Amino acid sequence: MTVARFWRDIPSRYNLYGSRCASCGKVYFPVRHICPECRRSSIGKMEKHRLSGKGRVHSFSVVHDAPPQLAVLKPYAVAIVEMDEGVKVTGQLVDVEIEEIDIGMGVEAVLRKLGDEGPAGIIHYGFKFSPRFD
Amino acid sequence: MYIGNMSSGRFIDQHHIGALIADYSGMASHNVPSTRIEAAGASGSLAFRQGVMAVASGMHDVVVVGGAEKMTDVSDDASNFILNSAADQQWESMMGATFASLHAMIAQRYMHEGYATREQIAQVAVKSHLHGALNPKAQFQKPIKLETVLRSPTVAEPLTMFDCSPISDGAAAVVLCPLETAHEYTDKPVKVLGTGQASDTLALYQRPDICSFEATKVASRMAYDIAGVGPDGIDLVEIHDDYTISELLALEDMGFFPRGEAGKAVESGETEIGGRLPVNTSGGLKARGNPIGATGVAQIVELVTQLRGDADKRQVKGASTGMAQSIGGTGSTAVITIMGVV
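These notes cover the structure that comes with them. This structure is a prediction, so every number in the text was calculated from the model and none was measured.

Focus on unusual backbone geometry
Phe29(A) connects to Pro30(A) through a cis peptide bond whose omega is -5 degrees. Put simply, Lys74(A) and Pro75(A) share a cis peptide bond, and its omega is -5 degrees. When you line up the elements, Pro75(A) lands in the loop between strand 4 (54-63) and strand 5 (76-83). For His16(B), which is not a glycine, the phi torsion comes out positive at approximately 60 degrees. On the basis of relative accessibility, which here comes to 61%, the residue His16(B) falls in the exposed class. Although it is not a glycine, Asp312(B) sits at a positive phi angle of roughly 55 degrees. Looking at the element boundaries, Asp312(B) is found in the loop between helix 13 (292-307) and strand 9 (321-328).

Now the structure itself:
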């Protein structure tokens, strides 16, 4: 992905900023400028909304056939996480034995390295999810 | 001309593929207009739908719909990288999700809900290869065993290599014209009874339910309404089995089976040639091959071949109505076509 495209979404990627529609209260991730439910009446009423980072595994997979830039991680786990706010997010699962991952497992967002633009290129950071014990 | 193509720009460094195909098919010298259509995996079927609309509206008298993809000029890694771009690059691919792993997450949740077993999902590939073995134009023409699917290398758990459609080169084309003039061009015309198209969120995670593609449901309803038939009136189906799990979702979303019943139907042979509802008699994306832009058009070619009674060993006896389902991304675009004998 181009560096510029990546950088434009750093607030969402570093701090889980999404949007909340002031008309209907629905929360979205990442940022949306229009609420698909309220459409025209939501224009100008979409507020920045930071997710708590806490959620549960809705589904997951362990990736064995990984793209070259992620090959060093394989096998690695990726999940769709249902956040406590009700919105879902996709991210990797880390700090966990792969055999212990299950649907419904509590997780929380942590800031990690997502990748880089080659050995001399910039490093991309963003959220992954690690197990939550509570 | 309408040309379905996903990514000739990245696969072979050639954009403007509409003009190229018009040129080398001899049409450019006659100044025939040519338009390239892109909707990832649904590019071909969407090109076909554009062609149908062009003829149905009276804008054009004769339309050639083609689909093509040349995927093997680049390495497998490069090819997969290009295919991943059908997903949400920012919020899926960049987060480490591959296209296969998105479908694997669908499968994982689908099994968690008790809708199908791992073996039932794998059986889809066994059935596709069984049919592919009867299609002289299929990329893979050998039957496989269930164990082959289950024991092949894991791509993204729980899916293995044999749950995934292959990287393919291929092309397909059909000619469309008003039914009244069809006999000027062919002795065996086949009629387009209805088409439907629908969109959904680009990213899978944005959906309330990942075990169903709403776009398939909506597009199917649209096509059924136009055609004036329902699931009971369909004799055979071509389905977008880019991954085995996708076929089970489609069979349920198109209304052929209630949720949680598609896996059992596949397991019991109901979707084989000779069964209640033959599915992917061509071998499907899995065995016929999945040259992305050509795939949707190849589905139409299979329906036409079957409805003409020209499908030889894989002929569905007495087939009079066929249906095709095509998907771009993880259910972000769905295109449905229903065809019948004249």
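What to know about the environment of His64(A)
Position of His64(A) relative to the elements: it lies in the loop between strand 4 and strand 5. His64(A) sits 47 residues away from Leu111(A) along the chain, and the two C-alpha atoms are 23 Å apart. Only 2.8 Å separates the side chain of His64(A) from the side chain of Glu157(B), close enough to count as a polar contact.

Describing the environment of Ala334(B)
Residue and element names in this part refer to chain B. With respect to the element layout, Ala334 can be found in strand 10 (residues 333-341). For the pair formed by Ala334 and Phe213, sequence separation is 121 residues and the distance between their alpha carbons is 8.5 Å. Other than its neighbours up to four places away in sequence, Ala334 contacts Gly196, Gln197, Ala198, Ala215, Thr216, Ala219, Ser326 and Ile327.

So, the environment of Val229(B)
Position of Val229(B) relative to the elements: it lies in the loop between helix 9 (214-227) and strand 8 (236-238). Spatially, the C-alpha atoms of Val229(B) and Ile338(B) are 9.1 Å apart, while their sequence positions differ by 109 residues.

Concerning the state of the cysteines
Evaluation of the coordinates by the stated rule reveals 0 disulfides over all chains. Cys24(A) supplies the cysteine sulfur nearest to Cys35(A), a cysteine that is in no disulfide, at a spacing of 3.8 Å. A residue is classified by how much of its surface remains accessible, and Cys35(A), at 0% relative accessible area, is buried. Unpaired in this structure, Cys211(B) has its nearest cysteine sulfur neighbour in Cys164(B), at a distance of 18 Å.

Procedures and definitions
- Residues numbered from 1 in each chain as written.
- Chains lettered and ligands numbered in written order.
- Predicted model: local features only at pLDDT ≥ 70, side-chain atom pairs only at ≥ 80, totals over all residues.
- Heavy atoms only, no water.
- Helix = DSSP H or I, 4+ residues; strand = E, 2+ residues; numbered from the N terminus.
- Buried < 20%, exposed > 50% of the residue type's maximum accessible area, 1.4 Å probe, protein only.
- Polar contact = N/O pair within 3.5 Å; in protein donor to acceptor, adjacent residues only side chain to side chain.
- Contact = heavy atoms within 4.5 Å.
- Disulfide = S-S within 2.5 Å.

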